[in-house]
Every structure is written in structure tokens, then in C-alpha cells.
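Here is what each chain is made of, one letter per residue.
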Amino acid sequence: MKISVLLWPTRSWPETGAVWRHAEELGFHSAWLYDHIAWRGNTPWYDAYATLAAAAAVTSRIGLGTMVTSPNFRHPVPTAHAAKTIDHISGGRLSLGIGAGGAHRTSDGGVLGGPDWTPRERADRFAEWVGLLDRLLTEPEVTYEGTYYSAREVRGGGCVQRPRVPFVIAGNGPRGMRLAARHGAGWVSTGERAAAEDPWSALRARVETLGAVCEEEGRDPATLRRILLTGFTGEPWLESPRSFADLSARYGELGFDEIVVHWPRERTEFDGDLHLDGDMKVFESIAPAG
């Protein structure tokens, strides 16, 4: 089981750089960043891609990634350009977590103006976005005219990793899972927040659906990296080392091979009913080098 961390892009760079170096010293497999304009209206909330580029320059081993990028405010062309640049700076340590995005204007939904997207349009945009980004990072030149996105004579490819930077697709529904099966090196889930009384059983059903979708797409489910981002179901991941070990073992039974915990911080009014805080001593004790 790989253990990774979700960091917060809310501090000034000297302090943030020190946190990234400490995360690497603690032996975490990867460090991920939320990719938003703000967190439920909370600022400062610094840009994920600029932060990842800086983090790549001050670390040497830890994996880097977004958790997750969405079409809400990023176009595939500049996203591809930024991703391959960070892939080079990091020496091939970047993974892109990608999701359909939410509708909350206080984070990033609708910040570019225009009419609100329906759930169907959001899913359609997600599928088109992922497909175009895949082409931009693998093909030498891309011209594309889609329903929502376009590209004209864009020089593509150029990643350190081959055939491109790995995609980790977030999606609890069949359409998102299908994108993971077609384009993803991995699949990420936050579990079933609405099923807090028994989140393990709820997520087991999702994993079964993922397996069926992979079979339909001709993809071996065992080749898909499975990542669980914790903190959204009320489970006591950072209550004690024993609690973390027990939960990791349970979710390992479902095939998850990477657990992501949040870097502890004081609970704020913007967290609402989420469980994103934790004891720093427990956090450091469950780190691979802790």
C-alpha cells in the first residue's frame, strides 16, 4: 500500500516549499494538490500548476500531481503545455488527477461566466476534455474542432514519461469509469460521503462497477491504479496509527493500492462537515519514514 499526502496551496511560497521538502523527508509516495480558484470562497488559494512547478524544483523523489484538474476553468491546450513543462522540471514525477468538476461558484464552477452547465453537459465536456488532452500529450501535432473545445496546429507530445504524463481519472459513475478504463493509468475516489454509516460497502459496489466497465472496454482492472482520497466519509483515518492501519487493510481488500491523507491543519469554517483535520503526531507516525 502506497501512502500519499494531499497538501494545501494556501501558504506563502517559502513556507509551502518547506512543507513539500518535509513531505518528501517523511517518505510519502506522492504529494497531491487540489486544483481550484478558491476553497469554498476561502483565499488565498494559489495556483496548483505554478505550485507544482516550484515544488518539482525543490524536491527530487516524491511524486507530484493534481487532485483534481477539471474543465471548469482550464482549457486542454494550455493545460497540456503546463503539464509537460512540469514533467520535465520534475524529471518525470508528475501525474494528472482529472475530474468533471463541481458546480460550486465559490470554488471554481462557473467562474468564467456564461450559463450554468447541466450535469449532462458537464459529463460531455469532461469526456471531450480528457480525449483532447490525451492527444495533445501524445501526438506530434493536433488540430481538433469539438463541441466544446478546439485546437489548431498545436505542437503536441514532448513529455518525459512515455507515452505521456499518467492520467488518474476521478469518477464514481459509469461514464467517468469508462474514461478511466480508456485513458487512465489510475482511478481515484473519495468514497461514498452519503453512505457514512457504511462507506466501505458503498465503495465496494463502486469497485464492482469499475470492474464491469473495464471488462466492457477490454481493460484488465488489475492494470488500473486505485487511489482513495480520505477525509470525506467520517472515518477516523488519523485518529491513531492502529485506526489508520485497520482502515488501510480494509480498503486494500478492495484493490486500493494508494491511500491519500490530508496534511493536518486546523479546522476552519470552510470545511463544513468534512474531516480534513488530524493529529500531526499520528500523521507523522503513519508516514512511510515516520
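Residues numbered from 1 in each chain as written. Predicted model: local features only at pLDDT ≥ 70, side-chain atom pairs only at ≥ 80, totals over all residues. Heavy atoms only, no water.

**Section: the pairing of strand S7 (residues 167–170)**
Okay, so step 1: Pairing geometry for strand S4 (residues 94–98) and S7, over three bridges, is parallel. For Gly-97, the partnering residue across the bridge sits in S7 and is Val-168.
Okay, so step 2: Tracing the backbone out of S7, into helix H5 (residues 174–183) and back to the parallel element strand S8 (residues 186–189) gives a crossover that is right-handed. (Pairing = 2+ DSSP bridges. Helix = DSSP H or I, 4+ residues; strand = E, 2+ residues; numbered from the N terminus. Right-handed = clockwise from strand over helix to strand, strands pointing away.)

**With respect to the packing of helix H4 (residues 119–138) against H5**
Okay, so step 1: For the pair H4 and H5, interaxial distance at closest approach is 11 Å and the crossing angle is 5 degrees. Here H4 is positioned roughly parallel relative to H5, judged by the angle of their axes. Note on element contacts: H5 touches H4 through Arg-175, Gly-176, Leu-179 and His-183, opposite Arg-120, Ala-123, Asp-124, Phe-126, Ala-127, Val-130, Gly-131 and Asp-134. (Axes fitted to C-alpha atoms, helices over the stretch in contact; angles between N-to-C directions. Parallel < 35°, antiparallel > 145°, perpendicular 65-115°, else oblique. Contact = heavy atoms within 4.5 Å.)

**What to know about a nonpolar patch on the surface**
Okay, so step 1: On the surface, Ile-37, Val-111 and Leu-112 cluster together to form a nonpolar patch covering roughly 280 Å² of accessible area.
Okay, so step 2: Within the element layout of this structure, Val-111 appears in the loop between S4 and H4.
Okay, so step 3: Overall, Val-111 belongs to the partly exposed group, its relative accessible area being 37%. (Patch = residues over 30% accessible without salt bridge, like charges linked within 9 Å, V, L, I, M, F, W, Y side chains within 5 Å. Areas by Shrake-Rupley, 256 points an atom, 1.4 Å probe, with all protein chains shown as cover. Salt bridge = Lys/Arg side-chain N within 4 Å of Asp/Glu carboxyl O. Buried < 20%, exposed > 50% of the residue type's maximum accessible area, 1.4 Å probe, protein only.)

**Some thoughts on the side chain of Arg-219**
Okay, so step 1: With respect to the secondary-structure elements, Arg-219 resides in the loop between helix H6 (199–216) and strand S9 (225–229).
Okay, so step 2: No salt bridge is formed by the buried Arg-219. Its closest oppositely charged neighbour is Asp-220, at 7.4 Å.
Okay, so step 3: Looking at Arg-219, its side chain comes within polar contact range of the main-chain oxygen of Ala-181, at 3.0 Å.
Okay, so step 4: Among all residues touching Arg-219, those that are not within four sequence positions of it are Ala-180, Ala-181, Gly-184, Ala-185, Cys-214 and Leu-224. (Lys, Arg positive; Asp, Glu negative; His and termini not counted. Polar contact = N/O pair within 3.5 Å; in protein donor to acceptor, adjacent residues only side chain to side chain.)

**Quick look at the packing of aromatic side chains**
Okay, so step 1: Applying the stated rule across the entire model yields nine aromatic pairs.
Okay, so step 2: Seen in terms of ring centroids, Trp-8 and Trp-45 are 6.3 Å apart; in terms of plane orientation they differ by 80 degrees. Their pairing is edge-to-face. Pair noted here: Trp-8 is in the loop between strand S1 (2–7) and helix H1 (13–25) and Trp-45 is in the loop between strand S2 (30–33) and helix H2 (48–58), with a separation of 37 residues, a long-range link.
Okay, so step 3: When its relative accessible area of 7% is taken as the criterion, Trp-45 is described as buried.
Okay, so step 4: An aromatic cluster is present here, built from Trp-187, Trp-237, Phe-244, Tyr-251 and Phe-256 joined pairwise through their rings.
Okay, so step 5: Between Arg-164 and the ring centre of Phe-167, over which it is positioned, the NZ or CZ distance is 3.6 Å. (Phe/Tyr/Trp six-rings, centres within 6.5 Å; stacked < 30°, edge-to-face > 60°. Lys NZ or Arg CZ within 6 Å of the ring centre and 35° of its normal.)

**Notes on the nonpolar core**
Okay, so step 1: Grouped together as the largest cluster of nonpolar side chains are 78 residues, with contacts concentrated most on Phe-28, Leu-96, Ile-98, Trp-187, Tyr-251 and Trp-263.
Okay, so step 2: No other element matches H4, which puts seven residues into this core.
Okay, so step 3: Discounting residues that sit within four places of it in the chain, Leu-96 has contacts with Tyr-49, Thr-66, Ala-83, Leu-133, Val-165, Pro-166, Phe-167 and Val-168. (Core = buried A, V, L, I, M, F, W, Y, C linked by side-chain atoms within 4.5 Å.)

**Focus: the pattern of salt bridges**
Okay, so step 1: Applying the stated criterion to the full structure yields 14 salt bridges.
Okay, so step 2: We note a salt bridge from Asp-134 to Arg-164, for which the minimum N-O separation is 2.6 Å. In this pair, Asp-134 sits in helix H4 while Arg-164 sits in the loop between strand S6 (150–155) and S7, placing the two residues 30 residues apart along the sequence.
Okay, so step 3: Residues Arg-178 and Glu-216 are paired through a salt bridge, measuring 3.3 Å at the closest nitrogen-oxygen approach. Here Glu-216 lies in helix H6 and Arg-178 lies in helix H5, a separation of 38 residues in the sequence.
Okay, so step 4: Here Arg-178 falls in the partly exposed class, since its relative accessible area comes to 23%.
Okay, so step 5: When its relative accessible area of 57% is taken as the criterion, Glu-216 is described as exposed.
Okay, so step 6: The structure contains a network of salt bridges with shared partners spanning Arg-178, Arg-182, Glu-216 and Glu-217.

**As for the sheet that holds S4**
Okay, so step 1: Overall, parallel pairing links the eight strands, which are arranged S1-S2-S3-S4-S7-S8-S9-S10 in a closed barrel. Within the sheet, the average angular offset between the axes of one strand and its neighbour, ignoring direction, is 25 degrees.
Okay, so step 2: Bridge count for S2 against strand S3 (residues 63–69) is four bridges, and the pairing is parallel. Each residue of the ladder has a partner; that of Ser-30, found in S3, is Gly-63.

Honestly, that's just the spatial picture; any functional story needs more than this.
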